[in-house]
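Read off the chains here:
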Amino acid sequence: MGSTISSIFFVTDYWSFMVAVAATLLCFLFATALVFRKPKLEGSPSELNSLKPRDCACLGEDSGVDSGEEMTARLSGGGKENGVEMAVDRQTGASMMEQLVPEITTHALSYLDYPSLCRLSMTNSLMRKAANDDNAWKALYHKDFTLEQDNVTPPNGWKAYYAATRAIVTINAEFFRIVRERLLPAMGQLWLNADYVKCFHATGESFSGYNAVMESWQLAFSWENVADFQIQDVRTRVLTDLAWVTMKVFVDIGAGPFNVTNIFEFHNGRWYMVHHHSSALLIHRGGQQQLMQA
Amino acid sequence: MIPLPLIDGRTLARVITYLNKHTEDDASDEAKRKFDEEFLYGMEVGVLYDAALAANYLDIGGLFHEVCQRIADGMMNKSVEWVRKTFHIESEFTSEEEVQIKKEYAWAWEGVDSNAD
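Keep in mind that this is a model prediction, so the values were computed, not measured.

Trainee: Would you mind showing me how to read the overall build of chain A here?
Mentor: For chain A, the helix and strand inventory stands at eleven helices and eight strands. Residue burial in chain A is summarised as follows: out of 294 residues, 38% are buried. Sequence separation of 24 or more characterises 42% of the internal contacts of chain A that already satisfy a separation of 6 or more. Working note: accessible area of chain A is about 16,700 Å², and carbon and sulfur atoms make up 59% of it.

Trainee: Please explain the nonpolar core as it appears in this structure.
Mentor: Across soluble globular proteins, you tend to see nonpolar side chains buried next to one another. Among the nonpolar cores identified, the biggest contains 83 residues, and Trp-137, Phe-175, Met-187, Trp-191 and Trp-217 of chain A are the most heavily contacted of them. The greatest single-element share of this core, amounting to nine residues, is contributed by helix α9 (residues 158-181) of chain A. Of the residues that make up this core, three or more belong to each of domain 1 (9-75) and domain 2 (80-116) of chain B. Those residues in contact with Trp-217 of chain A, other than ones at most four positions away along the chain, are Phe-175, Val-179, Leu-184, Met-187, Trp-191, Cys-199, His-201 and His-276 of chain A.

Trainee: What's the story with the confidence of the model for chain B in this structure? I'm lost.
Mentor: When pLDDT drops low, the exact placement of atoms in the prediction is not to be read closely. Averaged over every residue, the pLDDT of chain B is 72; the share at 70 or more is 79%. Predicted complex, confidence summary: ipTM 0.70, pTM 0.62.

Trainee: Is there a simple way to explain the side chain of Ser-216 of chain A in this structure?
Mentor: Residue and element names in this part refer to chain A. For Ser-216, the position within the fold is in helix α11 (residues 210-221). Of the polar contacts made by the side chain of Ser-216, one reaches the side chain of His-201; its length is 2.9 Å. The contacts of Ser-216, once residues within four sequence positions are left out, are His-201 and Phe-207.

Trainee: I would appreciate a short explanation of the pattern of salt bridges in the present structure.
Mentor: Residue and element names in this part refer to chain A. Under the definition given, this model contains four salt bridges over all chains. Across the pair Glu-174 and Arg-177 runs a salt bridge whose closest N-O atoms are separated by 2.9 Å. Placement of the pair is Glu-174 and Arg-177 together in helix α9, with a separation of three residues, close to one helical turn. We classify Arg-177 as partly exposed; its relative accessible area is 33%. Between Arg-177 and Glu-181 there is a salt bridge, with its nearest N and O atoms 3.4 Å apart. Taken together, the residues Arg-177 and Glu-181, both in helix α9 and four residues apart, mark about one turn of the helix. Overall, Glu-181 belongs to the partly exposed group, its relative accessible area being 45%. Here the salt bridges share partners, and the residues they tie into one network are Glu-174, Arg-177 and Glu-181.

Trainee: It is not clear to me how the packing of helix α6 (residues 114-121) of chain A against helix α8 (residues 134-144) of chain A should be interpreted in this structure. Could you clarify?
Mentor: The relative placement of two packed helices comes down to the angle between their axes together with the axis-to-axis distance. All names here are of chain A. At a minimum axis separation of 11 Å, α6 and α8 run at an interaxial angle of 160°. Overall, the two elements α6 and α8 adopt an arrangement that is roughly antiparallel. Seen from above, α6 lies across α8 with left-handed handedness. Contacts between α6 and α8 involve Tyr-114, Leu-117 and Cys-118 on the former and, on the latter, Trp-137, Leu-140 and Asp-144. Class assignment for the residues of the contact of α6 with α8 results in five nonpolar, no polar and one charged.

Trainee: When you look at the packing of aromatic side chains in this model, what are you seeing that I'm missing?
Mentor: Any two aromatic rings considered together are summarised by their centre-to-centre distance and by the angle between their planes. Residues and elements named next belong to chain A. In the structure shown here, the tally under the stated rule is twelve aromatic pairs over all chains. Look at Trp-158 and Tyr-161: their rings are 5.6 Å apart centre to centre, the planes differ by 90°, and that puts the pair in the edge-to-face class. Of this pair, Trp-158 and Tyr-161 both sit in helix α9, three residues apart, which is roughly one turn of the helix. The exposure classification of Trp-158 matches that of Tyr-161, with both residues buried. The structure contains a cluster of three or more aromatic residues connected by ring pairs, namely Tyr-114, Trp-137, Tyr-141, Phe-145, Trp-158, Tyr-161 and Tyr-162. Lying across the ring of Phe-229, Arg-180 places its NZ or CZ 4.5 Å from the centre.

Trainee: Just checking my understanding: could you explain the packing of helix α1 (residues 9-22) of chain B against helix α3 (residues 45-57) of chain B for this structure?
Mentor: Residues and elements named next belong to chain B. Where α1 contacts α3, the two axes come as close as 10 Å, and the packing angle between them is 70°. For the element pair α1 / α3, the angle class is roughly perpendicular. As α1 runs across α3, the sense of the crossing is right-handed. Every residue of α3 that contacts α1 at Thr-11, Arg-14 and Val-15 is listed here: Val-47, Asp-50, Ala-51 and Ala-54. When the residues that make up the contact of α1 with α3 are grouped by side-chain class, the tally is four nonpolar, one polar and two charged.

Trainee: Explanation requested: the side chain of Thr-165 of chain A in the structure shown.
Mentor: In this fold, Thr-165 of chain A is placed in helix α9. In contact with Thr-165 of chain A, not counting residues within four places along its chain, are Tyr-141, Phe-145, Thr-236 and Val-238 of chain A.

Trainee: Any chance you could explain the sheet that holds strand β4 (residues 242-251) of chain A here in plain terms?
Mentor: Backbone hydrogen bonds are what pair the strands of a sheet, in a parallel or an antiparallel way. All names here are of chain A. Pairing is mixed in the open sheet, where six strands are placed in the order β2-β1-β6-β5-β4-β3. A strand with exactly one partner marks an edge of an open sheet, and here the two such strands are β2 (206-208) and β3 (229-238). Between one strand axis and the next, the sheet turns through 25° on average, direction left out of account. Sheet topology places strand β1 (residues 198-200) next to strand β6 (residues 270-278); three bridges connect them, and they run parallel.

Trainee: What's the story with the pairing of β4 of chain A in this structure? I'm lost.
Mentor: For a regular strand, side-chain orientation follows a simple rule: the groups alternate between the two sheet faces. Residues and elements named next belong to chain A. Of the two faces of β4, only the one carrying Ala-243, Val-245, Met-247, Val-249 and Val-251 is buried; Leu-242, Trp-244, Thr-246, Lys-248 and Phe-250 on the other face are not. Where β3 lies against β4, eight bridges are found, and the strand directions are antiparallel. Directly across from Ile-231, in β4, lies its bridge partner Val-249. Counting the residues between successive antiparallel strands, the hairpin from β3 to β4 contains three residues.

Calculation notes
Residues numbered from 1 in each chain as written. Chains lettered and ligands numbered in written order. Predicted model: local features only at pLDDT ≥ 70, side-chain atom pairs only at ≥ 80, totals over all residues. Heavy atoms only, no water. Helix = DSSP H or I, 4+ residues; strand = E, 2+ residues; numbered from the N terminus. Buried < 20%, exposed > 50% of the residue type's maximum accessible area, 1.4 Å probe, protein only. Contact = heavy atoms within 4.5 Å. Areas by Shrake-Rupley, 256 points an atom, 1.4 Å probe, with all protein chains shown as cover. Core = buried A, V, L, I, M, F, W, Y, C linked by side-chain atoms within 4.5 Å. Domains from an automatic or database assignment. pLDDT = per-residue confidence, 0-100. Polar contact = N/O pair within 3.5 Å; in protein donor to acceptor, adjacent residues only side chain to side chain. Salt bridge = Lys/Arg side-chain N within 4 Å of Asp/Glu carboxyl O. Axes fitted to C-alpha atoms, helices over the stretch in contact; angles between N-to-C directions. Parallel < 35°, antiparallel > 145°, perpendicular 65-115°, else oblique. Left-handed = near helix turned anticlockwise from the far one by under 90°. Nonpolar A, V, L, I, M, F, W, Y, C, P; charged D, E, K, R; others polar. Phe/Tyr/Trp six-rings, centres within 6.5 Å; stacked < 30°, edge-to-face > 60°. Lys NZ or Arg CZ within 6 Å of the ring centre and 35° of its normal. Pairing = 2+ DSSP bridges.

Next up, the structure:
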């Protein structure tokens, strides 16, 4: 009898019962959140079953299963317990990065490429300091360019050295693009207009002074057949106003690699080519080797 | 009982899961790689940091490498705003400072879309 009455009571007041349950849960969540609202290294503190002491090595029951759910809530900017979770996240965000041991940060940064590293340094001043770390840029230099120069200490730090090296590598590639596309005006822009610039073509001929060098390029560009080529083993050494680059040029006709040396000087805020030297093309003729004459 | 003061329970559980998988006798390299993918997939930033700290403290090379790679992947080729948002980084730069820093790094933005997401 009593049970029937109570069950009828339950059914008719179903919604008020649900409201009461919801309210209780909400209050409980709010209370738990307040209790756990401190900067901590862990993730979501507003879980109902995480009332164990946090700093012991005992295994938590909620091992890895909830991470997926947490993640979606996190990335979508909060989810269920919106205001509470986001507030805790912001507090722990910056301090988390700070609490990372420096070697971890350096190690993680070593996986980045240089644009990402630069962007990271723009996020905040702490990241700027981390991203400007000399060792990170040194590692990036060794990864992107060469393992050489390990014992070199660049005067302005490795980041500046990386930037300068990248500038030289770019302009060196630009030189070969100009050769490939036979752009005489561009070649004229690239070289320094001075009487001491020199050019040693693969033909074995040499030219001295800006005008002679330009004429030689004009002649070279007028040749009918120009085979395509690949550049490899680019090695750069950059000093304040001077840079020299060595590379191997492989031409399709299989004549073996040409060893090329280019030298650049820095004037008026940009780099100019001042010297180009290519090893000469050797032609085997009946067992005898002779230098190709123009 | 060895107390580990720097690692909390949940992170340690994750580390142990990782180690169990990687020390299985019959787990091929490919199975391990697949496990790593699923294991680290969707880990949010705080968890990644914890895992990195734990792996560093316990000197677990493989896990440390994976987690750092994952952190780096989150930053690679993303815009500044995205990185700030994902890693919850507060910026105290003024807009003039930002312009100045960007100028400093101008060479890094050549040919790169700075707002790529």
